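# Structural overview
Here is what each chain is made of, one letter per residue.
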Amino acid sequence: MDGWRAQAAERLAAYAQAAAETYGAAALPANPAVPAVRFIAGCHPHNAKDYDEAAEAALLARLADPRVAALGEIGLDYHYDFSPRDVQKDVFRRQLRLARECGLPVSLHLREAHDDAYRILCDEGFPPAGTLLHCFNLDKQVLAPFLEAGCFIAFGGPVTFKAADEVREAARLVPLDRLLTETDSPYMTPEPMRGMICGPAHTVFTAACLAEVFGCVSGADREAFLGRLWENAHDLLDRRPTAWQLAHATSVDEARS
Ligand SMILES: [Zn+2]
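Since the structure is predicted, the reported quantities are computational estimates derived from the model, not experimental observations.

## Overview of the overall build of the chain
- The number of helices and strands found in the chain is 10 helices and 6 strands.
- Considering the chain as a whole, with its 257 residues, one finds that 37% of them fall into the buried category.
- In the chain, the share of contacts with a sequence separation of at least 24, taken over all contacts with a separation of at least 6, comes to 71%.

This is the structure:
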């Protein structure tokens, strides 16, 4: 992990400098903490029933924070149906429009609802800044239309599960520049650590599994593959503030005060 930490420190220093250049010293708090993480904000489909004008206004104020890297998790969850499906669909559409307005990518939570989600995405248009399918754990048939639409695909622990040949088969089809790992923390701990609470460090096992899936099992191949995963995550999620975020940065200060 030491190499990873050194690289992270380097990136964070670069990010802090970019933020200072963008906003000027006066726009930053007196002692700005270097953001150790980026975050995403959005209304999860479980909570769609609570999404109203006030929630949308609060979400917009959050999205204006330049540390926000994406709008998510948004989508549809027909497994739990914690919100009525019509409401989930409506809130999903509204947030896709926000993503377009804000110039942010979206991270999608889809459960037993891929067909409806795909139809809505086609109807509203896939957000130009990118669409990430989070924690994909299904087969290549489900994945195909999303791949064709240019989506980024993140795999978590399920790709490592012994019985998950169909997930690994699907992973193999993802273009190398659109492949990511993730935790889905605290759930979905990868092999061989199942039973533990999942945390960010566990992604090394998921990444190792994907390297195997792609035949990059050792040496320079493996190093290049893992480096690629790292770059993909940064390209999609560690981006400079969007024009919309820059134009609305003042509302961040209001939201904080
Ligand atoms: Zn989720």
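The discussion continues.
## Some words on the environment of D221
- Within the fold, D221 resides in helix α8 (residues 219–237).
- A count of 13 C-beta atoms within 10 Å places D221 in the partly exposed class.
- Residues D221 and A211, 10 residues apart in the sequence, show an inter-C-alpha distance of 8.8 Å.

## Things to note about the sheet that holds strand β5 (residues 152–155)
- The strand order β1-β2-β3-β4-β5-β6 describes an open sheet built from 6 strands, whose pairing is parallel. Each of the sheet's edge strands pairs with one partner strand only, and the pair in question is β1 (39–41) and β6 (179–181). Ignoring strand direction, the axes of neighbouring strands in this sheet form an average angle of 30°.
- As paired elements, β5 and β6 share 3 bridges and run parallel to each other. Bridging from a neighbouring strand, F155 pairs with T181 of β6.
- Here α8 sits on the sheet in contact with β2 (68–77), β4 (131–133), β5 and β6, set at roughly 95° to β6.

What counts, and at which threshold
Residues numbered from 1 in each chain as written. Predicted model: local features only at pLDDT ≥ 70, side-chain atom pairs only at ≥ 80, totals over all residues. Helix = DSSP H or I, 4+ residues; strand = E, 2+ residues; numbered from the N terminus. Buried ≥ 20, exposed ≤ 12 C-beta atoms within 10 Å, placed from the backbone. Contact = placed C-beta atoms within 7 Å. Pairing = 2+ DSSP bridges. Axes fitted to C-alpha atoms, helices over the stretch in contact; angles between N-to-C directions.

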